[in-house]
Structure formats: C-alpha cells, structure tokens
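Spelled out, the chains give:
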Amino acid sequence: MTMMTPPPVDQEDDEMLVPHPEFADGPQPMEVAPTETATTAENQQVEDPPSSRFTWTIENFTRLNTKKHYSDTFIVGSYKWRVLIFPKGNNVDHLSMYLDVADSATLPYGWSRYAQFSLAVINQIHNKYTIRKDTQHQFNARESDWGFTSFMPLSELYDPTRGYLVNDTLVVEAEVAVRRVVDYWTYDSKKETGCVGLKNQGATCYMNSLLQTLYHIPYFRKAVYHMPTTENDMPSGSIPLALQSLFYKLQYSDSSVATKELTKSFGWDTYDSFMQHDVQELNRVLCEKLEDKMKGTVVEGTIQQLFEGHHMNYIECINVDYKSSRKESFYDLQLDVKGCQDVYASFDKYVEVERLEGDNKYHAEQYGLQDAKKGVLFIDFPPVLQLQLKRFEYDFMRDTMVKINDRYEFPLQLDLDRDNGKYLSPEADRSVRNLYTLHSVLVHSGGVHGGHYYAFIRPTLSDHWFKFDDERVTKEDMKRALEEQYGGEEELPQTNPGFNNAPFKFTKYSNAYMLVYIRESDKEKIICNVDEKDIAEHLRIRLKKEQEEKEHKKKEKAEAHLYTIIKVARDEDLAEQIGRDIYFDLVDHDKARSFRIQKQMPFNAFKEEVAKEFGIPVQFQRFWLWAKRQNHTYRPNRPLNPQEEAQSVGQLRDVSNKAHNAELKLFLEVELGLDLHPLSPPDKTKEDILLFFKLYDPEKEQLRYVGRLFVKALGKPSEILTKLNELAGYSPNQEIELYEEIKFEPSVMCEHIDKNLTFRSSQLEDGDIICYQKSPVVESDDQFRYPDVPSFLEYVRNRQVVHFRSLEKPKEEDFCLELILIGGFLVLPSRSKLHTYDDVVERVARHLGLDDPSKIRLTSHNCYSQQPKPQPIKYRGVEHLADMLVHYNQTSDILYYEVLDIPLPELQGLKTLKVAFHHATKDEVVIHSIRLPKNSTVADVINDLKTKVELSHPNAELRLLEVFYHKIYKIFPPNEKIENINDQYWTLRAEEVPEEEKNLGPHDRLIHVYHFMKDTSQNQMVKNHTDSALQKEDPSLNKVQNFGEPFFLVIHEGETLAEVKVRIQKKLQVPDEEFSKWKFAFLSMGRPEYLQDSDIVSSRFQRRDVYGAWEQYLGLEHSDTAPKRAYAANQNRHTFEKPVKIYN
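Note that this is a predicted model, so its numbers are computed, not measured.

### Looking at the overall build of the chain
In step 1: On a plain count of helices and strands, the chain comes out with 30 helices and 58 strands.
In step 2: In the chain, buried positions account for 50% of the 1144 residues.
In step 3: Total accessible area computed for the chain in this model is approximately 56,400 Å², and 47% of it derives from carbon and sulfur atoms.

### Section: the sheet that holds strand β30 (residues 593-598)
Strands pair in a sheet through their backbones, by hydrogen bonds, and they do so in one of two ways: parallel or antiparallel.
In step 1: Taken together, the 5 strands give an open sheet; going across it, the order is β30-β29-β33-β31-β32, and neighbouring strands pair in mixed fashion. Edge strands, defined here as strands with exactly one partner in the open sheet, are β30 and β32 (634-639). For this sheet the average axis-to-axis angle between neighbouring strands, irrespective of direction, equals 40°.
In step 2: Direction of pairing for strand β29 (residues 563-569) relative to strand β33 (residues 663-669): parallel, over a ladder of 5 bridges. Each residue of the ladder has a partner; that of V568, found in β33, is L666.
In step 3: Across the sheet, helix α16 (residues 603-614) touches β29, β30, β31 (622-628) and β33, and the angle it forms with β30 is around 145°.

### Digging into the pattern of salt bridges
In step 1: Counted under the stated rule, the structure contains 66 salt bridges.
In step 2: With a closest N to O distance of 3.7 Å, D159 and R162 form a salt bridge.
In step 3: For D159, a relative accessible area of 24% gives the class partly exposed.
In step 4: The shortest N-O distance in the salt bridge between D534 and K222 comes to 3.1 Å. With D534 in the loop between α13 (523-526) and α14 (537-558) and K222 in helix α4 (residues 218-225), this pair connects stretches of sequence that are 312 residues apart.

### Overview of the sheet that holds strand β36 (residues 688-697)
In step 1: Pairing is mixed in the open sheet, where 5 strands are placed in the order β37-β36-β40-β38-β39. The open sheet has two edge strands, β37 (702-712) and β39 (749-752), and neither has a second partner. Neighbouring strand axes in the sheet, compared pairwise and without regard to direction, differ in orientation by 30° on average.
In step 2: Looking at chain direction, β36 and strand β40 (residues 769-774) are connected through 4 bridges and run parallel. When the sheet's bridge partners are listed, L695 is paired in β40 with Y772.

### Here's the deal with helix α24 (residues 938-946)
In step 1: Within the sequence span of α24, burial applies to V938, V941, I942 and L945. Across the axial projection of α24, the buried residues extend over an arc of 95°, all falling on one side.
In step 2: Structurally, α24 contributes buried residues whose contacts are with β49 (910-918), β50 (925-933), β51 (958-964) and β53 (987-992).

### Focus on the packing of aromatic side chains
In step 1: For the structure shown, the criterion picks out 46 aromatic pairs.
In step 2: Summarising the aromatic geometry, the rings of Y453 and Y513 are spaced 5.7 Å apart at their centres and angled 50° between planes, so their arrangement reads as tilted. One end of the pair, Y453, is in strand β23 (residues 450-457); the other, Y513, is in strand β28 (residues 510-519), and 60 residues separate them in sequence.
In step 3: Assessed through its relative accessible area of 0%, Y453 is described here as buried.
In step 4: A ring pair is formed by F964 and Y969, whose centres lie 6.2 Å apart and whose planes are at 65°; its orientation type is edge-to-face.

### Some points on the confidence of the model for the chain
In step 1: Averaged over every residue, the pLDDT of the chain is 81; residues scoring 70 or more account for 84%.
In step 2: Below pLDDT 50 for its whole length, residues 270-274 participates in 15 contacts with residues either more than four positions away or in separate chains.
In step 3: Below pLDDT 50 for its whole length, residues 1123-1139 participates in 46 contacts with residues either more than four positions away or in separate chains.

Reading the values: rules and limits
Residues numbered from 1 in each chain as written. Predicted model: local features only at pLDDT ≥ 70, side-chain atom pairs only at ≥ 80, totals over all residues. Heavy atoms only, no water. Helix = DSSP H or I, 4+ residues; strand = E, 2+ residues; numbered from the N terminus. Buried < 20%, exposed > 50% of the residue type's maximum accessible area, 1.4 Å probe, protein only. Areas by Shrake-Rupley, 256 points an atom, 1.4 Å probe, with all protein chains shown as cover. Pairing = 2+ DSSP bridges. Axes fitted to C-alpha atoms, helices over the stretch in contact; angles between N-to-C directions. Contact = heavy atoms within 4.5 Å. Salt bridge = Lys/Arg side-chain N within 4 Å of Asp/Glu carboxyl O. Arc of directions from axis to C-beta. Phe/Tyr/Trp six-rings, centres within 6.5 Å; stacked < 30°, edge-to-face > 60°. pLDDT = per-residue confidence, 0-100.

Following this line, the structure appears as structure tokens:
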C-alpha cells in the first residue's frame, strides 16, 4: 500500500485536496532560479532527478479578489508547472496551495508524471519561521494538481507582525524534483530482472518486503521446501505448505504471486490484510511459528542456525573481585538511530559501559554496595545478521510517536571484529571472522501513521541490486539501494546562486528500516543452489498442475474472441435442479452442459457434437432460444428455424443475444416414444404452446419438475387434467389445482388458473410454467405450514439462513437457523404470521436450550471488517431481522450471540463497572464486576463491593479512585452518580482508607506518591540537543516516566524525608538493599527536584498554582522490575503497532 509522504514531523498533518482544474485569466510575475538538470528522463532509473526552485513574488496580495490565483508557468524535467493558491482558502480558514500541471488540458490521453515537491510561504522577517511542506504525487488527468488545503491559518498569514506579508507582498517558493514514470501496465518484472513480485492484498507491503528478503536467503528457502507436508494438506490450512507454494511460485512463475493462501494459513481474514503491521514484529512472530513447525523434522533448528546469536549481559565490580553475567540469545538486534551516525556508532552505543556509582551503586553478594560497570558484549554473531533500526520512538515532549528520519549510514561490508574485537566478550571464538556483506535493505517510506514498505536485495551478493516493490521488481544501482536509504536531508544543487543564497534541503521520508547482512565465511553455505529436487514431489505435481490450469485459462482468455460458449439445458437438467438447487424459473444454466465452440463452425455441425455427447441423433433434436422477459424471468421463447440452423454458431449468437454476451443458451427438446426412444419433434404451429409443469406436495413441502406438454391455444386446462395426473402418478380422477408461476422479483407472483378458460384467455404462451397440486380437502384435519403453491413459493423466496456465532469466538461458526424475511419482516418456519426481534431471540434460546429468551443478546456483523460491530443490539432496539443483518448498503447472514446471566432489559437498566480492589494487607489485586442500576451512586458501588471482598476489619471504610497512567486523578465522592463513570480508559481502584488518613491534624497534608524513572531515550535527546539555552529554559525536557501503583501518604508538619522514607519502606515492604538505591524527589509539572534526608517534606507541598493535585507529588525514583511493554503500547500505539498474530 503506497501512502502519501506526510509533511515534516513538527507540523500538523494536512488534508490533501485536488481542486477542479481551471486556468486563471492571467499569470503573475515570478522569479525563477532553476538548478542544473542533470539527466534526461530516460536515465532516471539510476540518475538524479531534474529539479528546480522557483520563487513567486505576489504584490498587492490583500487586493486579490479572485478565488484562485495561478503563478506563471515554469519548467522542470521538460514539464510545465505552476503554483495555484486560494488567497482566502479553499472553503477553509487556511491558505490553500497546490502544485499544478500547467498544460494538463492539452496533454495526450493517458499522460502521467511523478514529482516530489515542497511548497513554502517565506517569512520575510525571520527566515527560520518560513512555513514549508513537502509531499509527492503521481500527476495525471484526474489529479492534475496536488498540495495542501490547509497550508497555514489565514489569521497568521494576514497578521502584519508575523512577517509573511510585508508591504502587502507575499513570497511563495516551490521546489520540484521530477522522476521518470515507469509504465506499470507493460512492464514485465520477470523479463527485465528474472524475478517476480508479490501482490498486495490491501496493506501487506510490509509482509511482501519481508517475504522477498527471506525467499532470497536460499538456505532458508531450501529449509522451507524440506518441511514435511502431504498431498492431503491444503495450503490455506498449513503454514509450511502455503510458504512452500509461495516460494515455488516466486521461483518458477512468470508473473506476480498472490499471498492470500499464506495469510489464510495464518488465520487472517480480510480485515487483517487491510491492517498495516510492523515488519519487525511480523518477522519475529513468523520465525517463531516456523521454528515451532520445524521441531521434530529434518530441518529442526534451521531458524536458530541462520539467525540466532548470543550476547552476555554483565555487571563487574571495580574495587572488589565480583562479576555477574547472563547469556542471552537474539534473532535480531535493535539498533538506535537517534544520535548515531552509522551502524558502527549504534554498536558502540550497544556495548557502551554504564557506571553504577554514587546513589546508583550495585549490591554485590557478600560485598554490599559497590561501584561497578554494567554492559553487554557479544559471544557470537549468527550467519545471517538481522538489524532492526529504531526509526520509531516515543517523543515525550510532544506526547506522541514520531519517525526518526535522521541520516544513518550503513556499510556494504560490516566488520564486527574492528578495533581488536571490542564488541566481543572474552569467551567469544576469535577464530570466527565476523566480516559481513550487505544482502538486503528493507525501506519504510512515509510517516508514523502509515506508509509503504519495499526492499532492495542483491540475491547472489553480486553488484546487481533489485528493488522489490510489491508486484514490481526493477534493477537498481548501489547508490539507490544504499546512500538514498540513509535518510536525513537532501540538498538540491543550484546553477544560479545569485537568486537564492540558502541551499534548499528537504527531509527524506524514505529510509532503511531493517538491514540483513550475511557473514562472508558462510555465504557459500547460505547462498546455495535450490532446485526442483529440493521440492517434494507432491508439491511439484500440485503446483505444476496449478500452473498448467493457469496457462490453460490464460490461453482460453486470449482465444476467447474466437469461440462461443453454448449452454444446452435438457429435461434432465430441469428434473435434477428444480426443488433442489432452484425453485423459480426452470434451470441454472451454469450447471447445464456447456460446449466451447469455434464461432465459424456451422450450427448443423454443432448438432453433431450434441449427438455425440447425449446420444440423440441430429434428426431428433430441436433447439429453443431462451429470452429474458420484462418481469426478469428467463424462459424458452421459440424454436430455431431451418434458416438459423444453417448459419454459423457466431452468427446465431449475435442474432439471439442482444446483450452481446459471449454465451448462447439453448433448450434441447427431445420427444420420447413409449419405448423411451427418441422421436422426431412434432410440427409446431402458432396455435401450439409449450408449457412446463411443476408439482407441489404440501405434506412434504416439496416442489419438483414433472414434464412439459404442447397444448392448443384454444384448448382448456380441463382437457389435460388426466395427463397431468399421469405425470404426477395420481389416479386419473384426482382433483387438482393449477397456478401460473409468473415472477419472483422483487416479490412472488403466482396466480390461480381457471381450468375452464382457454389457455389463450389465461394469457399463457410458450415457456410459461404451471405449478399444480392436489385440491385441498375442505373438512380435512391436516394442517400444513404452506398449504398451497403461492404460500410455499413465498416462503422459499423470503427464507434466510442465518449463521450464529458466539461473541466470545467470533471466527467460529456455531449453528444455523432458517428464518424468513417477508418485505423486511420476520416469519418463523413454524408459524405463518409475521414476527419480529422477539422471535429471533426465541429461536436462538430454544436452540441453546435456554428457558428465558430475554437473556440472549445479539450483535450485528460488520461486513467490511468481518468482525462483530462494537455495540450490541439493544433489547427490541430493531424491529425486524432485516434490520439486524444490514450494514450500510450490504446485507450479512451472520449474527453473534451472548448468553447473559440476567435478562437484557434488566441489564440495560444497569451500569457495569470493573473495579480493581487492592487488599490492605495482602499483595494482591482482584478485579470485580459491579453491576448496579444506572442511577446508583459511588456509595452504592462501595457497599456492593464490601459484600464481595475480604476487609482487614469489619468497620473498614472503602474509597473509589480514578487511576490513569500510574497517577491518581480523582477520589470519587460517595454521592456521585455512576452512569457517567468511564472504566474503559481509566482504571477504577477501590481500597481501604488507612486509619492515619481518618485523623488528619490541622497541619497534616495528604499527598500523592508515585513511582518514576528517567527515560533513557529522553536523556539521549537532551544530550544531543544543540541549543543549550533551550535545555535550561524548557522544563518539559526533564520528562519522567511513571509506573507501578500510585498511593496517598499523610505527611506531618516538620517531618523530614528520612522519617517519611521509614514509613514508605514499611508500607511497600521493600528490602533494605533495594530501598537504599531509591531516590526521592518533589515533582511539579513533571520536573523533579531531588530531596535530601534532612529536607522537610511538607514545606514542598505548599504551592497551589498547579493544574491538578496529581501534578504535584512525591516521586520514588527506581527501576521498574515488573514485566512491561513499551510506553507507547498502552495508549499511544501507532497505526502498525497492532500486535501481529498468526493463529494457526
């Protein structure tokens, strides 16, 4: 999925809009400072793009009275461009600005051009406040301009003190770089590169780039081929077989390969395929899954052999002889980008020694607190080294995830033995030469909220690089694969520096995200030969058959214009299908016998083909044309005449088919004698009508085809009753009722036939259908659900099979129920009257063996995400089944159910809160669901909770707190209504009120106490900041990260920190050696002021000029030893941080 490159990270994302192109009446003066055009368009694949900077000075800006205003035309890359602005905004209160193709109206059909560009409004007082925004676009006839609808607020633009309008003059700059456009339609990846790409399912480019990288590690591919699979396995249900199939097709196919079988084997649905994930996370999950699948097979351990390395975490005391170390394995290494110039700098930082001294001393066994050094060294590196570059980080200043686009270099050859093996531990095997060569570069192009992945790979480690961009594979030079993926800023060259003194730089949003290196000493083993003998025979046979079928279909498609498909329906088809597959009309032509016939073949010759197929001599065949009637039914219309049968198949199709369909549909009439041998078809006059007959049995609820008859137009149905009884197997005198099946769209029309009127009077004609049944006995006790033909056809037309799934297992089908829709109403098969919501839950409850249907809660299906809708259906919140199944303009056949412990109407009057109860004396937290009427209060919650929890003593008081991000934001007053309390985003915590808080003295204070630690990435950012004044003045640079459980503490007047620490240690039960490492600080608005043991704590908590009490607290600084995820994982996950899951 290719996403637009967003504007720089220090500016807001702007909506892109393509206004309708119109030409302005006259151009405005503009200064042009073109840079040197280095290459022609033909050489763009490997050369720098042509680029230029343009300055447009707009005088008397406030006097412009046009909605749109165009610049003069300028030329970049032999193309004509201009800038378009909306001085008063394009229906917004911002200046709107776009880059426009100046001559789009006169360009040839199908034109297209691609440009990276920036637009800027120059600040004429302070250049550093110039507003510049970058993007890229594929321009074409439909999108001939592109840019920013909300470029900058009009209030800022028109404010004379801001410096954008000086002397009523506005200065606009455009920087444009044009790249050559490759024709996607005619480009052949296999022909050009020998490789094929992978199709994108919607947002699977991240997966495609990883799969191509893994596939081009031949040793890995060979191991996948050798994973045991059987001919009975299905790719969609077996990850090994799906991956084998995918790799085989990548190796031998001539066109791009689909990945749907593989994602199905992961257990993914369409929704997963449209959710972009993190390529690093997918790599780990996939390798773990394959490692597990390889256990107990001939390729067990392959993942470890290829990707596993080991490092040693150590702590070594400086003044005593004590060292602690721990060996750990890794499959990839995450390297810092921020603050590092290149890969070597990242490795230097990885093994950087940390000093543990002062207040941060290490507690060594037998030696107590000691000065020590802490670090990491590598025991061994794997043959295939995967380096994940940390391009995404959490920015505490801006409270959001950001992408690090800094320049970061990586070498073609990586020497990890450099500087006498400074990255290696003492026990590392120094005989192994850790010299690596670059194999692949995975690139992320875009911003933190989305983007596009592709990969540069050199499969044989030669000088030939290839770019794998979903379906397209292109040859690339080394500069494109390496230097252009370093990131950072790019400076465009100038040819006329007199116009512009400052060189133009723009941030490159495409940069390396993952690097794969292969060790030189292992490359012969890794880059091995993989051929057909490595592929299981059953897999070769299966895939070759698939390929042959694909080639056959491709050939058929290419030759389709030479052929006509003739579908021939016979009495046998009608008898087989009616009452089973279909009920209305006569036949499903897709299930009838089809012939692929050359258009030039005479129709009489085709009849010979039919004779061979069905054993019916030509002279006994009569073919009828089908016709679609105005009421949307499809019936035999008339027989072919001798003149038509003398034509070619192609001519006949053209005559019979007004819709120019490639198919010709025929009904083959064959008359049989008493001995069941074919007879010559009878002569047909205008007075003869061909009718088709269906028989209905209300007792069995069965409809079947019994035959066809020719009748005279002036004849009457009463004259053929004996024949109809014979066809039905009834006695000759059986009373029967006749109905004409007229139509079924949009509703069923089936009318009773008067047996004493002529066929012509009843308006019957060729191809009409008569349904008949035994006449009902008036005094009979038999009660049938559908006593006559019309009611049965109505039932068949409107019945709906609904698939029910448990909401707890939304991917697993549980059971099906047949329900009926009539005009949007629900009818249950057991009744004939109309029913509603209640009947659906009644049927579900009955199926589940539940006595009370009101305990069933239903949830509708989202057709787009293939997930349950987030909100369940309220009790009688919809009237009919149709309302439950519709989702926007689509109708589903899936509903989800829950079995509640109380009736739904009662539940809807209640509020359910999840409350975490913290025991006063035990180190335990229990989550309780409190369910009370919505008009209840917090006091009611506490009273209910008291009946469920273990209190330290019978008279203990409880309180309810609101906790968010490890801070206490609120103590709920007992009289607060619970209806508006939100437990989805905030944690509700209940706890006993300590005795000391109940007896506060006049000078005692109740303060907040939180755990915190310094954020290492934040420290690194400050350390590398160039503006020292900013460090001193901006307290937000001292952001801290809270963790753990916050609590309240009573502090007394004059109490020192040393005294407070004693009470905190006792409350938290922290061992002496660990507690001795803790630091204590007063924090206000996130800035710590460290306290000494002699400091009076209460003196710090006097100020009231803070936003909220939670922002002023006593902080306990220490390391977080509890298992945790990254800070961003809780409430700041970016788009592709949704966890990758492989279900199978």
